[in-house]
Amino acid sequence: MTAEPDVTDETAEPDVTDEIDVTDGAGPAGPTKPTARAEPKEQTEPTEQTGPTNKEHHMSALARVQSAYARMEAVDRPEIWIGLRPRAEVEEEAEALDSRVAAGEPLPLAGRLLAVKGNIDVAGLPTTAGCPAYAYLPEEDAPAVARLRAAGALVLGTTNLDQFATGLVGTRSPYGAVRNALDPERVSGGSSSGSAVAVALGLVDLALGTDTAGSGRVPAAFNGIVGLKPTRGLVPATGVVPACASLDCVTVFARTLPEAERALAHLGRPSGRPLSVLPQRAPGPWRVAVPPTAQLGELDAGWAEAYEAAVARLVAAGAEVRTIDLTPFTEAAAMLYEGAFVAERYTAVGSFVDKLIAEGGAGLDPVVAGIITRAREVPAHRLFADQDRLAALRLRADAGLGDADALLLPTAPGHPTSAEVAADPLGANARLGRFTNSTNLFDQAAVAVPAGTVDGLPFGVMLIGPAFTDERLARIAALLRPWTRVAVVGAHLSGQPLNPQLLALGAEWERTTATAAAYRLHALATTPPKPGLVRTGAGGASVEAEVWRLPAEGLGLLLADLPRPMTLGRVELADGTQVPGFLCEPAALEGAEDITAYGGWRAYLRSRD
């Protein structure tokens, strides 16, 4: 068990050379984060002014598509996809998109790669909801897909899911169980399994999922990414195969919170539901409700400590923490599958499932089929009784929250292996929904974010709040961001042409130093001019470097758009410490001038003036 969770860069893409050190800013080795003791800014909708702009995402759409398909081959995870668009077709669309951008057309998401859960319509790709016999070919995109495409996103394909979006595990699919992005022996989480893993593995920038019981949040937590579950109805659910139509939400996965917010800003405008006027917020710091640890129930080893560390980070950032009774939330959560509300799943696809069973049941997941067919037997009087009970629980929950801005919880109580889920499919799934099942029943918004690791695997938390407080929740979640450092030796140095990329990601200069005496620096024939740093060991020298600190998610964005021959890996500094930094592929050095003797890139540039 890890007593003090190690906060690591799980939001960055996982193909960084060697392991990346990331600190949470709380200890001596980490950056000191500014506190948030001023009055928080209140907004009712997501803004578009988050994350890098088009110009900062300097890779062309075509280059991004080519890189994505190459990475698909490299990671070899066919179970992620149900319908993958032909590469030539996507490349043609990318070239047209690049031409539109070059002509000055404003496309805020230009070239961002998108995966879509297999129960959401994408024109020209079969919508299966994870059941081959259910497949139909939509003639138009669901509004959620159309809005992201209109902003410049490129759809690569539709992703695997727990059949009919019934499950939180990611194993209930005839297309195969989707393995976790970091540990293939563990479940990916569901039902939006393929979408989450596609983002976590760096195959796409954004993915759409759905969330009825937690399907847009549990997979985010298990794969170390961000999951936004907006206010119910904020994003239209038209063109989505329903699980429980009165509760379903279209959700967003991304490796970073700003990217997820940018996508939601386009998805929710115009809103699929009339915007309500939020009550006037009482002045003061962010107020976060936290239950006693004992009320969380049994958690995996180390998860209670990781949760407490997340609470401590919020306190250190200036939030006011207050205690709340979690009982109404957990009692409502149990009602989603154990009560009458499960009958809506039969309303959605029950007749189809009955017919398919009568024909032999080919392609039906037996666990899913059992849940849906048993829901047929729920009596009407029980639904009315459960509605009354739910209303009473919601009153208690709202009273407990009071004027708190958010409730902070672990996203899930633990992360099971695939074998553990296979041994007890219903029990394992029920456990995973302990904290997520009540959110839509209570008409609340939520955001799930990484909050470190426990024993090398991601640990995530979520913030839950009243309907239409989506932006508020994101602002609080941003206080939990882990930070990292990056060493730069060339065009990203202060005053150099690419330094604005660091500034746009929220990076802050920390110090000027030098590498260990183990590197060679070469002038590359690139635009803009930049050097290539390679480690040689013997025969190396020390090179001037700057160390910048930035949100860990920013490192992922840098890596996503890093053009060859540049790479990201460990750079040893003169004091013996190692930080992520820009390196160069050795093959690019052929014919390049060795400029190590100048001591650094800036000295070399001055010599040419």
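Residues numbered from 1 in each chain as written. Predicted model: local features only at pLDDT ≥ 70, side-chain atom pairs only at ≥ 80, totals over all residues. Heavy atoms only, no water.

*Asks:* How should I be thinking about the sheet that holds strand β20 (residues 593–594) in this particular structure?
*Replies:* The pairing of strands in a sheet happens through backbone hydrogen bonds and is either parallel or antiparallel. Here three strands make up an open sheet; going across it, the order is β16-β15-β20 and the pairing antiparallel. Edge positions in the sheet fall to β16 (530–535) and β20, since each of these pairs with one other strand and no more. Two strands pair when backbone bridges link them, and strand β15 (residues 519–524) and β20 are joined in this way by two bridges, in the antiparallel orientation. Residue A523 lies in a different strand from β20, and its bridge partner there is E593. (Pairing = 2+ DSSP bridges. Helix = DSSP H or I, 4+ residues; strand = E, 2+ residues; numbered from the N terminus.)

*Asks:* I would appreciate a short explanation of helix α3 (residues 143–150) in the present structure.
*Replies:* Counting along an α-helix, one turn takes 3.6 residues, and residues three or four places apart therefore face a common direction. Considered for burial, the residues of α3 that qualify are A144, V145 and L148. Taken around the axis of α3, the buried residues stretch over an arc of 100 degrees, which confines them to a single face. Phi turns positive one or two residues past the end of α3, at G152, with a value near 110 degrees. (Buried < 20%, exposed > 50% of the residue type's maximum accessible area, 1.4 Å probe, protein only. Arc of directions from axis to C-beta.)

*Asks:* Is there a simple way to think about the pairing of strand β18 (residues 566–572) in this case?
*Replies:* Taken residue by residue, a regular strand's side chains alternate between the two faces of the sheet. The buried count for β18 comes to five of seven residues, which makes it a mostly enclosed element. Bridge count between β18 and strand β19 (residues 578–584): seven bridges; the pairing is antiparallel. Opposite V571, over in β19, you have V579 as the bridge partner.

*Asks:* Would you mind showing me how to read the pairing of strand β12 (residues 457–466) here?
*Replies:* Along β12, nine of the 10 residues are buried, which leaves the element largely enclosed by surrounding structure. Note: strand β10 (residues 406–410) against β12, four bridges, orientation antiparallel. Residue pairing across strands places L409 opposite M462, the latter belonging to β12. Looking at chain direction, strand β11 (residues 444–454) and β12 are connected through nine bridges and run antiparallel. Paired with A448 across the bridge in β12 is M462. Where β11 folds back onto β12 in an antiparallel hairpin, the turn is made up of two residues, including D455, whose phi is positive at roughly 50 degrees.

*Asks:* For this particular structure, what's the right way to read unusual backbone geometry?
*Replies:* Across the chain, the bulk of peptide bonds are trans and the bulk of non-glycine residues have phi less than zero. With an omega dihedral of -5 degrees, the bond running from T527 to P528 counts as a cis peptide bond. Topologically, P528 is positioned in the loop between β15 and β16. Omega for the bond connecting R564 with P565 falls within 30 degrees of zero, at 15 degrees, which places this linkage in the cis form. In this structure, P565 sits in the loop between α17 (552–560) and β18. For F164, which is not glycine, the phi torsion reads 55 degrees and is therefore positive. Position of F164 among the secondary structure elements: in the loop between β4 (154–159) and α4 (193–200). Taking the relative accessible area as the measure of exposure, F164 reaches 4% and is therefore buried. Even without glycine at this site, D443 takes up a positive phi of about 55 degrees. With respect to the secondary-structure elements, D443 resides in the loop between α14 (438–441) and β11.

*Asks:* Got a minute to help me understand the pattern of salt bridges in this structure?
*Replies:* As a working rule, side chains carrying opposite charge can pair if their charged atoms are close by. Tallying each qualifying case throughout the model produces 38 salt bridges. Residue R149 is joined to D141 by a salt bridge in which the shortest nitrogen-to-oxygen separation is 2.8 Å. Across the pair E331 and R389 runs a salt bridge whose closest N-O atoms are separated by 3.6 Å. Note that E331 is positioned in helix α8 (residues 327–338) and R389 in helix α11 (residues 380–401), a separation of 58 residues in sequence. Its relative accessible area of 29% is what places E331 among the partly exposed residues. We classify R389 as partly exposed; its relative accessible area is 41%. Taken together, the shared-partner salt bridges in this structure form one network comprising R64, R112, D205, R255 and E259. (Salt bridge = Lys/Arg side-chain N within 4 Å of Asp/Glu carboxyl O.)

*Asks:* Would you explain the packing of helix α1 (residues 61–75) against helix α2 (residues 87–102) in this entry?
*Replies:* Two elements in contact, α1 and α2, have axes separated by 7 Å at closest approach and are oriented at 155 degrees. What the angle tells us is that α1 and α2 run roughly antiparallel. Each of A61, L62, V65, Q66 and Y69 in α1 lies in contact with α2, whose residues at this interface are R87, V90, E91, A94, E95, L97 and D98. Here the contact of α1 with α2 is composed, by residue class, of seven nonpolar, one polar and four charged. (Axes fitted to C-alpha atoms, helices over the stretch in contact; angles between N-to-C directions. Parallel < 35°, antiparallel > 145°, perpendicular 65-115°, else oblique. Contact = heavy atoms within 4.5 Å. Nonpolar A, V, L, I, M, F, W, Y, C, P; charged D, E, K, R; others polar.)

*Asks:* Where do I start with the packing of aromatic side chains in this structure?
*Replies:* Any aromatic ring pair is given by two values, namely how distant the centres are and how the planes are angled relative to each other. Taken as a whole and assessed by the stated rule, the structure comprises eight aromatic pairs. Relative to F164, the ring of Y134 lies with its centre 5.5 Å away and its plane at 90 degrees, an arrangement referred to as edge-to-face. Placement of the pair is Y134 in the loop between β3 (113–117) and α3 and F164 in the loop between β4 and α4, with a sequence separation of 30 residues. Ring geometry for Y134 against F352: centres 5.1 Å apart, planes inclined by 85 degrees, an arrangement best described as edge-to-face. Placement of Y134 in the loop between β3 and α3 and of F352 in helix α9 (residues 343–358) is noted, with a sequence separation of 218 residues between them. (Phe/Tyr/Trp six-rings, centres within 6.5 Å; stacked < 30°, edge-to-face > 60°.)

Note that every value here comes from positions in space, so none of it alone points to a role or purpose.
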